[in-house]
Amino acid sequence: MRKVVSVVGARPQFIKLSAVSPELRKEYDEVIVHTGQHFDYNMSEQFFEELEIPHPDYNLGISGGSHAVMTGTIMMDIEKVLIQEKPDWLMIYGDTNSTLAAAIAGAKLHIPICHVEAGTRTHSMTNPEEINRVCADHVSTLLLAVTEEDYANLELENLGDRAVIVGNTMYDAFVKNSMKRQPSDFTLTRLDGSGEVSVPEEYYYMTCHREENTNDDESLNGILRAMNSLDAPTIYPVHPRNKQRALRLNEQYGYENVILCEPVGYLESACLVRNAKKIVTDSGGLQTEAFFAEKKCVTVLDFVVWPATMVSNRNELARPNEKDILEKLSHRQIIDPEYKPFGDGHAAKRIVEALLKYDQNR
Ligand code: UDP
């Protein structure tokens, strides 16, 4: 069998891998490389356990540092793995520093690269993930796009002849897993270490960790003040990158109506999405999950990640301040049940078909 090296390093990549890996392993030998970018139990290992992802063959243990330090260090170590494994394909996911580092190392070794989630564009080069995804696409051999918009972006960059629309692997994972937990099955671990709390009957679900919103007090405080003033509590699992700031702001301002908690596993997160009143986020993945579950979403970013979700008030952008978030949350969404831009839950199958087709012709 031909060999694929799959490179992952961050939470959303584990979720995508969980959808692709079982399909891939029917036709290819797979070697999993975990770069170590996310390393806490509840940001990494828990996902491998809950989603039954095979244990990584390599864990590079690289995390932290500036963008350049992390990307450069991952590149150096991945190059060694690729030289040793000599794969027929390098599979990369999404838009993290691990994606970029693997792409550059693989391209310079002339290893064919397939990029899962190619073609998403925010058209904002101040967004670090945009730099990663643009560079990764341009050195990749096979571009696996989620939506028609993504495919059109690739065509505009003269990459259309390498691209295929396959659907969204996050949707595959959501379809497969989102009913596996109920709110009564688990508790939330308070961020300040003061114990466990049950999932309230009614709640808003929020995640927020992008540099744009969490690198200064004003933005994060603006978002938390908005959530604090709502008619039901907000559940906010805090990403380790902004834990200290969130704790300090909470001490200073006392957001009584916000449950700041440790990150939850994917099965819990999908359950929280399904049962939430509404969702506020700056995560690419969570916006789409809100859409899958037909929940109103407010995205606190000044660029669109998934244009397909921005219809009929289903997902609206807001500035990181109380007034704008509350206003956008008050808008009613309209659902068209026929509108399904993220595929049919079988993106992984199509990804493997695209690889096989390419291999037959080379
Ligand atoms: N998620 C999770 N636990 C949490 C918060 C989020 O499992 O405590 C899931 C969420 O449901 C989504 C994914 O993590 O599937 C999104 O990852 P993240 O926000 O880290 O990355 P992004 O989507 O912004 O690239």
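Summary of the structure given here. (Residues numbered from 1 in each chain as written. Predicted model: local features only at pLDDT ≥ 70, side-chain atom pairs only at ≥ 80, totals over all residues. Heavy atoms only, no water.)

1. Structural notes on the overall build of the chain
Consideration 1: Within the chain, the regular secondary structure consists of 14 helices and 15 strands.
Consideration 2: Over its C-alpha trace the chain gives a radius of gyration of 20 Å, about what one expects of a compact globule, namely 21 Å for 362 residues.
Consideration 3: Seen through its principal axes, the chain has C-alpha atoms that stretch 60 × 40 × 40 Å.
Consideration 4: Put simply, the chain has 362 residues, and 59% of those count as buried.
Consideration 5: For the chain, long-range pairs separated by at least 24 residues make up 68% of all intrachain contacts whose partners lie at least 6 apart in sequence.
Consideration 6: Summed over all atoms, the accessible surface of the chain reaches about 15,200 Å², with 49% contributed by carbon and sulfur. (Helix = DSSP H or I, 4+ residues; strand = E, 2+ residues; numbered from the N terminus. Rg over C-alpha atoms; globule rule 2.2 N^0.38 Å. Buried < 20%, exposed > 50% of the residue type's maximum accessible area, 1.4 Å probe, protein only. Contact = heavy atoms within 4.5 Å. Areas by Shrake-Rupley, 256 points an atom, 1.4 Å probe, with all protein chains shown as cover.)

2. A look at the packing of helix α7 (residues 169-177) against helix α11 (residues 266-275)
Consideration 1: Closest axis-to-axis distance for the α7/α11 pair is 10 Å, and the angle between their directions is 85°. Between α7 and α11, the angle is such that the two are roughly perpendicular. Here Met170, Ala173, Phe174 and Asn177 of α7 come into contact with α11, specifically with Tyr266, Leu267, Ala270, Val273 and Arg274.
Consideration 2: Within the contact of α7 with α11, the residues separate by chemical class into 7 nonpolar, 1 polar and 1 charged. (Axes fitted to C-alpha atoms, helices over the stretch in contact; angles between N-to-C directions. Parallel < 35°, antiparallel > 145°, perpendicular 65-115°, else oblique. Nonpolar A, V, L, I, M, F, W, Y, C, P; charged D, E, K, R; others polar.)

3. Notes on helix α5 (residues 128-139)
Consideration 1: For α5, spanning 12 residues, the distance from its first C-alpha to its last is 18 Å, which sits close to the expected 16 Å at 1.5 Å a residue.
Consideration 2: Within α5 the residues assigned to the buried category are Pro128, Glu129, Glu130, Asn132, Arg133, Val134, Ala136 and Asp137. (Expected span 1.5 Å × (residues − 1).)

4. Remarks on the sheet that holds strand β1 (residues 3-8)
Consideration 1: Spatially, β3-β2-β1-β4-β5-β6-β7 is the arrangement adopted by the 7 strands of the open sheet, whose pairing is parallel. Only two strands of the sheet have a single partner each, and these edge strands are β3 (58-59) and β7 (163-165).
Consideration 2: Of the pairings in the sheet, the one linking strand β4 (residues 89-93) to strand β5 (residues 113-118) comprises 4 bridges and is parallel in character. Across the sheet, the residue bridging to Leu90 is Ile113, located in β5. (Pairing = 2+ DSSP bridges.)

5. A closer look at the packing of helix α1 (residues 11-24) against helix α14 (residues 347-360)
In helix packing, the relevant descriptors are the interaxial angle and the interaxial distance, both defined with respect to the helix axes.
Consideration 1: Contact pair α1 / α14: the axes reach a minimum separation of 8 Å and the direction vectors enclose 50°. Judged on the interaxial angle alone, α14 and α1 are oblique. α14 is crossed by α1, and the crossing has right-handed handedness. Taken together, the residues of α14 that come into contact with α1 (itself represented by Ala19, Val20, Glu23 and Leu24) are Ala348, Lys349, Ile351, Val352 and Leu355. (Left-handed = near helix turned anticlockwise from the far one by under 90°.)

6. Thoughts on the nonpolar core
Consideration 1: Membership of the largest hydrophobic core comes to 61 residues, with the highest contact counts inside it found for Met91, Leu188, Tyr205, Ile235, Tyr266 and Leu272.
Consideration 2: The element best represented in this core is α11, accounting for 6 residues.
Consideration 3: Among residues more than four places away in sequence, those in contact with Met91 are Val4, Val5, Ser6, Val7, Val20, Leu24, Cys114, Val116, Ile351 and Leu355.
Consideration 4: Ranked by size, the runner-up nonpolar core spans 24 residues in total, among them Cys208, Val258, Ile325 and Leu329. (Core = buried A, V, L, I, M, F, W, Y, C linked by side-chain atoms within 4.5 Å.)

7. Comments concerning the site of the ligand
Consideration 1: In the vicinity of the ligand lie 20 residues, with Arg210, Val264, Ser269, Gly285 and Glu289 positioned nearest.
Consideration 2: Here a nitrogen atom of the ligand sits 2.7 Å away from a polar atom, N or O, in the main chain of Val264.
Consideration 3: In this structure, Ser283 approaches the ligand through a side-chain N or O atom, which is 3.0 Å from an oxygen atom.
Consideration 4: Protein contact buries 95% of the 540 Å² of open area that the ligand shows by itself.
Consideration 5: Of all elements in the fold, only α1, β10 (204-207), α11 and α12 (284-292) reach the threshold of two or more residues within the shell around the ligand.
Consideration 6: No other element matches α12, which puts 4 residues into the shell around the ligand.
Consideration 7: Considered class by class, the residues forming the shell around the ligand number 10 nonpolar, 7 polar and 3 charged. (Near = heavy atom within 4 Å. Polar contact = N/O pair within 3.5 Å; in protein donor to acceptor, adjacent residues only side chain to side chain.)

8. Concerning the pattern of salt bridges
Consideration 1: In total, this model carries 24 salt bridges according to the counting rule given.
Consideration 2: The residue Asp77 makes a salt bridge to Lys80 at a minimum N-O spacing of 3.6 Å. You can see Asp77 and its partner Lys80 sitting in helix α3 (residues 67-85), 3 residues apart, about one turn around the helix.
Consideration 3: On the basis of relative accessibility, which here comes to 22%, the residue Asp77 falls in the partly exposed class.
Consideration 4: Measuring nitrogen to oxygen at the nearest pair gives 2.5 Å for the salt bridge that ties Arg245 to Asp217. Pair noted here: Arg245 is in helix α10 (residues 243-253) and Asp217 is in helix α9 (residues 217-228), with a separation of 28 residues, a long-range link.
Consideration 5: Look at Arg245 and you get partly exposed, because its relative accessible area is 22%. (Salt bridge = Lys/Arg side-chain N within 4 Å of Asp/Glu carboxyl O.)

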